[in-house]
Amino acid sequence: MSEQHDTMMYPTIEELLGRTDSKFRLVTLGALRACQINSYFGQLGEGLGAMVPPQVLTMSRKPLSIAFEEIASDKIIATDPPEVTEEDLLADSMIPAGEANLEEAALEQADGDDAGLDEADLDSAS
């Protein structure tokens, strides 16, 4: 029986590809999780606790190897982001009605102030 070593040979690429639908997704998922693991180890001494710790017990010290082991053990699963429709994009780019009315009122007041200054200037000149 051969001993299993923590190298790039484990988990095997075939095993990892079986967990995702494409090589691109595997690379992206592994890289994103490795960044999270790296951030977790970086903030350990600060006591922030904002990042999720590694989800597998491992002897590996490299974030990417830990990420691949998490993917192989189904601790990390790729999901699709929610679909964004054109209506959502338009709604996000629009100014809410209350704010739009405030802007219009401010513009009208500015126009009124300009007109008031002109009349005052005319009155003082006469």
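Placed above this text is the structure.
Residues numbered from 1 in each chain as written. Predicted model: local features only at pLDDT ≥ 70, side-chain atom pairs only at ≥ 80, totals over all residues. Heavy atoms only, no water.

Undergrad: Explain the environment of L17 here, please?
TA: Residue placement: L17 occurs in helix α1 (residues 13-17). In this structure the C-alpha to C-alpha distance between L17 and I71, which are 54 residues apart in sequence, comes to 9.7 Å. (Helix = DSSP H or I, 4+ residues; strand = E, 2+ residues; numbered from the N terminus.)

Undergrad: How do you make sense of the side chain of S60 when you look at a structure like this?
TA: As for its placement among the helices and strands, S60 is situated in the loop between α2 (23-43) and α3 (63-72). When its relative accessible area of 16% is taken as the criterion, S60 is described as buried. Within polar-contact distance, the side chain of S60 engages the backbone nitrogen of K62 at 3.4 Å. (Buried < 20%, exposed > 50% of the residue type's maximum accessible area, 1.4 Å probe, protein only. Polar contact = N/O pair within 3.5 Å; in protein donor to acceptor, adjacent residues only side chain to side chain.)

Undergrad: Honestly, the packing of α2 against α3 in this entry has me stumped. Any pointers?
TA: Relative orientation and spacing of two packed helices are given, respectively, by the angle between their axes and the distance between those axes. Following both chains from N to C, one finds α2 and α3 inclined at 120°, their axes separated by 8 Å at the closest point. As summarised for this structure, α2 and α3 are arranged oblique, according to the angle between their axes. Along this stretch, α2 crosses α3, giving a crossing that reads as right-handed. Residues L26, L29, G30, A31, R33, A34, I37, N38 and F41 of α2 form the contact with α3, whose participating residues are P63, L64, I66, A67, F68, E70 and I71. When its residues are assigned to classes, the contact of α2 with α3 shows twelve nonpolar, two polar and two charged. (Axes fitted to C-alpha atoms, helices over the stretch in contact; angles between N-to-C directions. Parallel < 35°, antiparallel > 145°, perpendicular 65-115°, else oblique. Left-handed = near helix turned anticlockwise from the far one by under 90°. Contact = heavy atoms within 4.5 Å. Nonpolar A, V, L, I, M, F, W, Y, C, P; charged D, E, K, R; others polar.)

Shape is all these values report; function is a separate question.
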